[in-house]
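# Notes for the structure review
Letter by letter, the chains look like this.
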2 protein chains.
Amino acid sequence: MILTVTLNSALDVTYRVPRLRPHASHRVSAVTERPGGKGINVARVLAGLGHPVTATGFAGGPAGALVRELLARSPGVVDALVPCADTTRRTVAVVDEASGDTTQFNEPGPLITPAEWSAFLERYEALLAGARAVALCGSLPPGVPVGAYAVLVRAARAAGAPVLLDTSGEALRRGVAARPEMIKPNGAELAELTGSREPLPATRDARRRGAHAVVTSLGPDGLLAATGQGSWRAAPPRALSGNPTGAGDSAVAGLLSALVEGLDWPERLVRAVALSAATVAAPTAGEFDPRTYEEVRGSVKVTAVQ
Amino acid sequence: MILTVTLNSALDVTYRVPRLRPHASHRVSAVTERPGGKGINVARVLAGLGHPVTATGFAGGPAGALVRELLARSPGVVDALVPCADTTRRTVAVVDEASGDTTQFNEPGPLITPAEWSAFLERYEALLAGARAVALCGSLPPGVPVGAYAVLVRAARAAGAPVLLDTSGEALRRGVAARPEMIKPNGAELAELTGSREPLPATRDARRRGAHAVVTSLGPDGLLAATGQGSWRAAPPRALSGNPTGAGDSAVAGLLSALVEGLDWPERLVRAVALSAATVAAPTAGEFDPRTYEEVRGSVKVTAVQ
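Criteria and cut-off values
All chains use their own residue numbering, which begins from 1 and follows the written sequence. Chain A is the first chain written and ligand 1 is the first ligand written, with later ones labelled in order. Per-residue local features are limited, in this predicted model, to residues with pLDDT of at least 70; the limit for side-chain atom pairs, both in listing and counting, is 80 or more; totals at the level of whole chains, interfaces and linings are taken over all residues. Remark: hydrogens and water are excluded; side-chain values derive from all non-hydrogen atoms of the structure. UniProt positions are given in the numbering used here, feature names are shortened, and annotations may be inferred rather than shown by experiment. Think of it this way: DSSP has to see at least two bridges between two strands before they count as a pair. The numbering of helices and of strands both runs from the N terminus, where a helix is a DSSP run of H or I of at least 4 residues and a strand a run of E of at least 2. Fitted lines through C-alpha atoms give the axes, limited to the stretch in contact for helices. The angle between two N-to-C directions lies from 0 to 180 degrees. Least squares is the method for superposing the copies, and the C-alpha atoms it fits come from residues with pLDDT of at least 70 in both. Between two residues, a contact is recorded if the distance between any of their heavy atoms is within 4.5 Å. For each residue, the accessible area found with a 1.4 Å probe, counting protein chains only, is set against the maximum for its type, and the residue is called buried under 20%, exposed over 50%, and partly exposed in between. The cut-offs work like this: below 35 degrees is roughly parallel, past 145 is roughly antiparallel, 65 to 115 is roughly perpendicular, and the gaps in between are oblique. Here a crossing is taken to be left-handed if its near helix is turned anticlockwise relative to the far helix by less than a right angle, and right-handed if that turn runs clockwise. All residues other than Ala, Val, Leu, Ile, Met, Phe, Trp, Tyr, Cys, Pro, Asp, Glu, Lys and Arg, Gly among them, are scored as polar; the first ten of these are nonpolar and the last four charged. Simply put, the buried area is the total loss of 1.4 Å probe accessible area from both parts when two parts are fitted together. Salt bridge criterion: a side-chain nitrogen from Lys or Arg within 4 Å of a carboxyl oxygen from Asp or Glu.

The name that an unreviewed UniProt entry assigns to chain A is Sugar kinase, with the source organism given as Streptomyces xanthophaeus. Taken verbatim from the UniProt record of chain A, the Sequence similarities (unreviewed entry) comment is "Belongs to the carbohydrate kinase PfkB family."

Written as C-alpha cells, this is what we have:
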C-alpha cells in the first residue's frame, strides 16, 4: 500500500452564500463536510486511482470523530489515524456564489502531547513495513517537534520506502535536509526555501538542499521538475477554469502512484498534471473528474529543460 | 422555574482574525464555542440573575452533543433538550480584530421529523407543569410546522404560564394570534409584522394583533412598550460601545424575570434596558457585565407615552 501522513488533519466545512458581504450576517444556503488535510486528500485520490492506501496522522475531539466517520465512507482508504486528546481543526471555506470566489478560515490544529507523538511514531514505524511509498503532507500541529518530517523521512528511508514531502516553511527546510525522494513545493514555498523567485534556478537549488527530485507547481502553467534523470516542464493543453483547491494534492497522488507503478519521469509528470487539471474541473473541491483526467492525459506537453 | 424553548439551538463558534480579507485565506488566531440560540442565551442570563431555569428545544448530531456538553458547564441551566437525528446548526462569527466588526455565517437548522416534533410537544407539556413563565425564542428549524409557536403559546396559556414570544416573520405572525403575554420585536421584525416603520403606531398595532404587551427594541435607544397598563419608553443613560450580540436575549431575560418577581411595567423595562446595556458592555458576546448592570439600573429613564 501507499501510506499518507496527515499530522494536522482537518474537518473541511464548505459554506455557500449568495454573496459575501463583510460585516454582515449570512444565511448559509448549503453546508458540506469532508475529511481533509493534504495527506487525506492525497489518500482519496490514490484510492480513486485504484491504489491500496492507508491514511495516518492524528484525529481527536468531535471534529476528529467526524473526520473518521466520513473517511470510513470514502471507499478504499484504510483509517490508521492515531487518537489525540485535543480536537482536530476545522477549516471553513465560504464560497461566494455570485463571484465563485472562496474565503477561507483555518483553525489552529490540536495540541499534540509528547506521549501522543511517541504513539504516532510507533504506529508509523509499524505501518512502514507494508508501505511501498510514503506521502508526508501539510503543516505540523502545535506540540509536534519542528524537525518531525526529518525524523519521518529517515525512518521511511531505513524501511526502504521512498518519500514525497509536501509541506512549507521550517518544516520543509528541515525535512529536505533528510533527503526525501521528492518534494512538491509551489512557487511561494520554493521562494521561502531558497530565497529565489525564479522557478528553474530555485527548483535546482532546492535539489541541492537534499531532495532527490523537486517538482515545482506552477499553478495553471503545470509543473517544473528537476531530477537525477533530467529536468522537464509539463503543461496542460489549455487553462482549465474551476476550483484549484486540492489540485496540488492530486499532483502528489499522481507522482506517487506513477512512482510505485515504475513509470519514468515524463510519464509521472503527465499523470500529475492531468490529475491536477481534472481536480480543477471537478464540480466538488478536491474530487477529480475522470473524464477530464482521461482527456488531458493524452495532451499534456512535456518538454526537456536544459 | 422559568422554561426557555430554543427549537433551533446552535453551536456558536467565534473566530478571531487579524483582518478579514474577502477571497483570501485566514489563519484563525482564536476559536471559542458556546451553546447558542436565543432561548439558550436567555436561559444563561436568567441563571446569572439567580432564577431556576430549564432549557428545552432540539439538539442532535456532533454539534448538538457539544451544545449539551457546554450547557452542562453553564451553572444553573437544566438541560431538557430533546434529541433529533439531524445535526444542530453551527453559527460562525468572524471577528475582524482590526475593526472590531463581525461577519456572521448561520447554517440552516436540522430537519425535524414529525415523530421528533411529537416527542418535543410531549416533553414541553410535561415541563409546563413546573413553569412559572415561558420564553419561546428564535427561528423554527425545517420540518417544524410554521404555526408551531401558536400551539406552544396555547399550551402554556392552558397551563397558566405567561409566555414571551421572541421570533420573526410568519412564525411571529401566527404566534401573536394565539395571544402571548409579551412579544419583543426589533424594528425590522415589527415592520414586517405590521407594515409600519413608525415605532409607536407599529407597537400599538402589534398589540391589536393579539399580544397582551409589545416591547419593541430600539437598539441603543432602549425599549418602547405598549401594554394594558400604559405605554412607556425606557432609555439607557448613555450609548454604550461594545458588541450588541445577545442584547435582545438579555432584554427577554430581564422582562421575564421581572414578570415572575411581580414587578410592575416600569421596573421590568428598567431591568431589561440595564441587562441589555450590560451585555453590550461585556467583553464576551452574550455575557452580561454585572457592574454595568448595577450601574445602569440606577439611571434608566422611563417616560410614559400618550
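Structure's up, so let's keep going.
### A word on the sheet that holds strand β4 (residues 30–36) of chain A
Taken in spatial order, the five strands line up as β4(A)-β2(A)-β7(A)-β8(A)-β3(B) in an open sheet, and their pairing is mixed. Both outer strands of the open sheet, β4 of chain A together with β3 (25–27) of chain B, are each paired with one neighbouring strand and no more. Between one strand and the next, the sheet's axes are offset by a mean angle of 15°, whatever the strand orientation. Pairing of strand β7 (residues 89–96) of chain A with strand β8 (residues 102–106) of chain A, which is carried by five bridges, proceeds in the antiparallel orientation.

### Brief notes about the relation of the copies chain B and chain A
The operation relating the two chain copies consists of a rotation about an axis and a shift along that axis. Of the transformation superimposing chain B on chain A, the axial component is 0.0 Å and the angular component is 179°, with the fit at an RMSD of 0.1 Å. When the rotation and shift are considered jointly, the pair of chain copies conforms to a two-fold rotation axis. Residue P62 of chain B, judged by its C-alpha, is the member of chain B lying nearest the rotation axis, at 3.2 Å. Interface residue correspondence from chain B to chain A reaches 100%, placing this contact among same-surface, isologous pairings.

### Some points on helix α7 (residues 199–208) of chain A
Residues and elements named next belong to chain A. Taken as a whole, α7 has its buried residues at L200, A202, T203, D205 and A206. Next to the buried residues of α7 lie α5 (169–176), β11 (182–183), α6 (187–194), β12 (213–217), β13 (223–227) and β15 (301–305). Count one or two residues on from α7 and you reach G210, which has phi positive near 140°.

### Quick notes on unusual backbone geometry
Residues and elements named next belong to chain A. Non-glycine residue R179 carries a positive phi angle of around 65°. Locating R179 in the fold gives a position in the loop between α5 and β11. On the basis of relative accessible area, R179 is assigned to the partly exposed category, the value being 40%.

### Examining the packing of helix α8 (residues 247–260) of chain A against helix α9 (residues 265–281) of chain A
All names here are of chain A. Interhelical geometry of α8 versus α9 gives an angle of 150° and a closest axis separation of 7 Å. As judged from the angle between their axes, α8 and α9 are roughly antiparallel. Both α8 and α9 take part in a crossing whose hand is right-handed. Residues A247, S250, A251, A253, G254, L255, S257, A258 and L259 of α8 form the contact with α9, whose own contacting residues are W265, R268, L269, R271, A272, L275, S276, T279 and V280. Partitioned by chemical class, the residues of the contact of α8 with α9 number 11 nonpolar, five polar and two charged.

### Side note on the interface of chain B and chain A
Across the contact, 30 residues belong to chain B and 30 residues belong to chain A. Counting each side, the surface lost to burial between chain B and chain A is near 2400 Å², with a carbon and sulfur contribution of 59%. Taken together, chain B and chain A are joined by two salt bridges. A salt bridge links E33 of chain A to R90 of chain B, with the nearest nitrogen and oxygen atoms 2.6 Å apart. Elements supplying a minimum of two residues to the side of chain B that touches chain A: β2 (10–17), β3, β4 (30–36), α2 (61–72), β7 (89–96) and β8 (102–106) of chain B.

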